[in-house]
Amino acid sequence: MDFTDQRLSYEKGVLDQQSVPDSPFELLNAWMSEAIEQNVQEPYAMSLATCGADNKPSVRIVLLREITDTGIVFYTNYESAKGQDIAENPNAEVLFFWHELERQIRISGSIAKIDANKSAAYFQKRPHDSQVGAWVSQPQSGEVANREVMEETFSQLQQEYPENLPVPTPEFWGGYEITIEEIEFWQGRANRMHDRIVYVQEDDSKANPSGWTTKRLLP
Ligand SMILES: Cc1cc2nc3c(=O)[nH]c(=O)nc-3n(C[C@H](O)[C@H](O)[C@H](O)COP(=O)(O)O)c2cc1C
C-alpha cells in the first residue's frame, strides 16, 4: 500500500510564544479542558515510551488519571513490561495526539511510584470487575496459554470477591507520576509550518520566577 498522496492541511489553531502562560501546567490544563469540551475521543489516552537496560524503547497507551502540581499520573501493574523498564530506567516520554484539535503534547521527565495509600484509594474507586481484572492480569505482560485460562481465573476471583465484598488492592498495582522536566505543545498549521513551543526548566529562578522558559522549535 502506498500512502504518499494522503495528506491533511492543519488549520484549526495557532500557538504564539508571546501569549503562552508562564507555567506549562496552566497551558496543559487549558488544552486538556478544551479537549474535553470539544469531545476529543479519549483525551486522556497517552502513548508512554519507556526504555529498560536493554536500550530498546517500547511504547503503549495508558490513561492519564491526574495532572498534579509537578507532573502527570497513570496507573498500571508494577510488574508489567513497562514496570520493569521503569525500574531499570526512570526516564520516560509521553505523547498525546488529539486529531480533532490538530494538537500534540509531548512530555519528558522521570517516573516514580506514587504513595501506596493514594494508589489504594484509586483502586478502590474503580468498578468492581476492573478490580478483579487487575488480579487476573498478574504479571501483566506475562504469557498466558489461552483466553479460557484468563476467563476461568476471572470467574474464580469473582466468586471469591462477590460484588458486596471489597477487592484487596494488589501490591503489584499502583500509580506512577512522571515529573515534568520538559513539555512541548504542538499546534498543526498549514504547509507544515507547525507551531512548536517547548517549556524547559529554568535554573535561575530569580530571572524567571515561574521556573520555566519557553522556546520555539522549527517544525
Ligand atoms: C485506550 C487504552 C487505555 C489503556 N490504559 C491503560 C492504563 O491506564 N494502564 C495500563 O496498565 N494499561 C493500559 N492500557 C493497556 C496498555 O496499552 C498495554 O497493553 C499494557 O499496559 C501492557 O503494556 P506493557 O506490556 O508495555 O507493560 C490501555 C490501552 C488502551 C488502548
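No experiment lies behind these values; they were computed from the predicted model shown. (Residues numbered from 1 in each chain as written. Predicted model: local features only at pLDDT ≥ 70, side-chain atom pairs only at ≥ 80, totals over all residues. Heavy atoms only, no water.)

(A) Examining the overall build of the chain more closely. Helices and strands together make up the secondary structure of the chain, namely five helices and nine strands. Mapped in sequence order, the helices and strands of the chain form the string α-β-β-β-β-α-β-β-α-α-α-β-β-β. Dimensions of the chain, computed from the C-alpha atoms along their principal axes, are close to 60 × 50 × 40 Å. Here the chain, with 219 residues, has 39% of them falling under the buried criterion. Counting only contacts in the chain whose residues sit at least 6 apart along the sequence, the fraction spanning at least 24 positions is 65%. Split by element, the accessible area of the chain, about 13,000 Å² in all, is 48% carbon and sulfur. Once the 19 positive and 35 negative side-chain charges of the chain are each reduced to a mean point, those two points are 5 Å apart. (Helix = DSSP H or I, 4+ residues; strand = E, 2+ residues; numbered from the N terminus. Buried < 20%, exposed > 50% of the residue type's maximum accessible area, 1.4 Å probe, protein only. Contact = heavy atoms within 4.5 Å. Areas by Shrake-Rupley, 256 points an atom, 1.4 Å probe, with all protein chains shown as cover. Lys, Arg positive; Asp, Glu negative; His and termini not counted. Charge placed at Lys NZ, Arg CZ, Asp CG, Glu CD.)

(B) Local environment of the side chain of S119. Turning to its location among the elements, S119 is positioned in helix α3 (residues 116–125). Overall, S119 belongs to the buried group, its relative accessible area being 3%. A polar contact of 2.9 Å, which involves the side chain of S119, links it to the backbone nitrogen of G175. Residues in contact with S119, not counting those within four places in the same chain, are Y75, Y78, I114, W173, G174 and G175. (Polar contact = N/O pair within 3.5 Å; in protein donor to acceptor, adjacent residues only side chain to side chain.)

(C) Seen up close, the packing of aromatic side chains. All told, the structure shown has twelve aromatic pairs when counted by the stated rule. Ring geometry for F96 versus W98: centroids 5.7 Å apart, planes at 50°, classification tilted. In this structure F96 comes out as buried when scored by relative accessible area, which is 1%. One aromatic cluster is present, formed by Y75, Y122, F123 and W173 through successive ring pairs. In this structure, K113 packs its charged tip against the face of Y78, placed 4.4 Å from the ring centre. Positioned over the ring face of Y10 is R192, at 5.9 Å from the centre of the ring. (Phe/Tyr/Trp six-rings, centres within 6.5 Å; stacked < 30°, edge-to-face > 60°. Lys NZ or Arg CZ within 6 Å of the ring centre and 35° of its normal.)

(D) Up close: the environment of Q138. Residue position: Q138 is located in the loop between α4 (128–136) and α5 (147–160). Separated by 61 residues in the primary sequence, Q138 and N77 place their C-alpha atoms 7.8 Å from one another. With residues near it in sequence (within four places) discarded, Q138 still touches N77, E79 and F172. Within the structure, Q138 has its side chain in polar contact with the side chain of N77 (distance 2.8 Å). At 2.6 Å, the side chain of Q138 forms a polar contact with the side chain of E79.

(E) Geometry of the pairing of strand β7 (residues 173–187). Of all 15 residues that make up β7, twelve are buried, and the element is covered over most of its length. Where strand β4 (residues 71–77) meets β7, seven bridges bridge the pair, whose relative direction is antiparallel. Bridging from a neighbouring strand, V73 pairs with E177 of β7. Note that strand β6 (residues 103–113) and β7 share eleven bridges and pair antiparallel. Bridge assignment links G109 to a residue of β7, and that residue is I180. Where β7 meets strand β8 (residues 195–201), six bridges bridge the pair, whose relative direction is antiparallel. Bridge pairing in β8 places E184 opposite V198. (Pairing = 2+ DSSP bridges.)

Shape is all these values report; function is a separate question.
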